[in-house]
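Close look at the chain arrangement
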Amino acid sequence: ALMGENGAGKSTLMKIIAGIYVPDEGHMKVKGRPLKLSGPLDALNNGIAMIHQELNLMPFMTVAENIWIRREPLHVKVGRFGFVDHAELRRRTQDLFNRLAIDIDPEAEVRSLSIASRQMVEIARAFANAYGALQNRIAIFVNLPFEGLDRLSLQARLDTIGRSTDTNGNVA
């Protein structure tokens, strides 16, 4: 766990690790090898995801669309383009929610969800993003404001994150 006072640099460090910021100096190593990230997509491709304090969801899109944005399953693909396979999108989302024990309708518009449910969608999206990159070799950094949550809501988020990993920290 990384803890510190407000302004200590926790969020900045996590954003460097997630490829959002470029470090002024120093370097990162993963399994002894240097890792230089060119951006957040590069971090995802290396199995690194971050759950941000700020909710980064599109309110007028469905839960499933938000989770798989830029990685939607396609019916017919022509080059980089195609038609979204909405049945497969729903199936993937429901499978992910079953693994994480999240009870949210994948077809619900995000704007209809409570803040607590939106945070659960953010958690699911981070797992979906990183898991797709390296199949079980991921790092997820959680930067959520827990101080406004009641004990039950906080425990639900921590249980969801813990439930998805085995004793070695691998995605189950």
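Refer to the structure printed above.
Okay, so let's go over this structure. Please read all numbers here as calculations on a predicted model, not as lab measurements. (Residues numbered from 1 in each chain as written. Predicted model: local features only at pLDDT ≥ 70, side-chain atom pairs only at ≥ 80, totals over all residues. Heavy atoms only, no water.)

**What about the side chain of Lys-15?**
Just so we agree on the cut-off: To qualify as a helix, a DSSP run of H or I must reach at least 4 residues; to qualify as a strand, a run of E must reach at least 2; elements of each kind are numbered from the N terminus. Throughout, a residue-residue contact means that at least one pair of heavy atoms, one from each residue, lies within 4.5 Å.
Its place among the elements puts Lys-15 in helix H1 (residues 10-17). Among all residues touching Lys-15, those that are not within four sequence positions of it are Ile-20, Tyr-21 and Met-50.

**What about the layout of surface pockets?**
The cut-off we apply is this: Throughout, the protein atoms alone are placed on a 1 Å grid, and a set of points is a cavity if a 1.4 Å probe fits but cannot get out or a pocket if it is open with protein on both sides within 12 Å along at least five of seven lines; lining residues have an atom within 4 Å of a point. Grid points are joined across faces, edges and corners, and a volume is the space filled by probe spheres set on the points. Residue polarity is assigned by list, with Asp, Glu, Lys and Arg as charged and Ala, Val, Leu, Ile, Met, Phe, Trp, Tyr, Cys and Pro as nonpolar; anything else, Gly included, falls into the polar class.
Computed from the structure, the largest pocket encloses a volume of approximately 600 Å³. Taken together, 23 residues form the lining of the largest pocket, with Pro-40, Leu-41, Leu-44, Arg-125 and Asn-129 sitting closest to its centre. Taken together, the elements giving at least two residues each to the lining of the largest pocket come down to helix H2 (40-45), strand S3 (48-51), helix H3 (63-67) and helix H5 (115-134). Per-element tally for the lining of the largest pocket: the top contributor is H5, with 6 residues. Here the lining of the largest pocket is composed, by residue class, of 13 nonpolar, 6 polar and 4 charged.

**Concerning helix H4 (residues 86-100)**
How we decide: Multiplying 1.5 Å by the helix residue count minus one yields the expected span of that helix. Polar contacts, as counted here, are pairs of nitrogen or oxygen atoms within 3.5 Å of one another; within protein the pair requires one atom able to donate a hydrogen and one able to accept it, and residues that are adjacent in sequence qualify only if both atoms are side-chain atoms.
The terminal C-alpha atoms of H4, which comprises 15 residues, lie 21 Å apart, in line with the 21 Å expected from a rise of 1.5 Å per residue. At the N-terminal boundary of H4, the capping side chain belongs to Asp-85, with an oxygen 3.3 Å from the backbone nitrogen of Ala-87. Positive phi shows up at Ala-101, right after H4, with a value of about 55 degrees.

**Some words on the pattern of salt bridges**
For clarity, the threshold we go by: The term salt bridge refers to a pairing of a side-chain nitrogen on Lys or Arg with a carboxyl oxygen on Asp or Glu at a separation within 4 Å.
Following the criterion strictly, the structure yields 6 salt bridges and no others. Between Asp-95 and Arg-91 there is a salt bridge whose closest N-O contact spans 2.4 Å. Placement of both Asp-95 and Arg-91 in helix H4 is noted, with a separation of 4 residues, approximately one turn of the helix. Where salt bridges share partners, they join Glu-88, Arg-91, Arg-92 and Asp-95 into one cluster.

**Structural notes on the nonpolar core**
Rules: Only buried residues count toward a nonpolar core. Its members are Ala, Val, Leu, Ile, Met, Phe, Trp, Tyr and Cys residues joined through side-chain atoms within 4.5 Å. Here the term buried applies to any residue with accessible area under 20% of the maximum for its type, exposed to any over 50%, and partly exposed to those in between, with areas from a 1.4 Å probe on protein chains only.
Within the largest apolar cluster, 24 residues are counted, with the highest numbers of intra-cluster contacts made by Val-63, Ile-67 and Ile-104. Among the elements that make up this core, the one with the highest residue count is H5 (7 residues). In this structure, Ile-104 is in contact with Val-63, Phe-97, Leu-113, Ser-117, Met-120 and Val-121, ignoring residues within four places of it in sequence. Formed by 5 residues, the second largest nonpolar core is a distinct cluster that contains Ile-17, Leu-35, Leu-37 and Ala-43.

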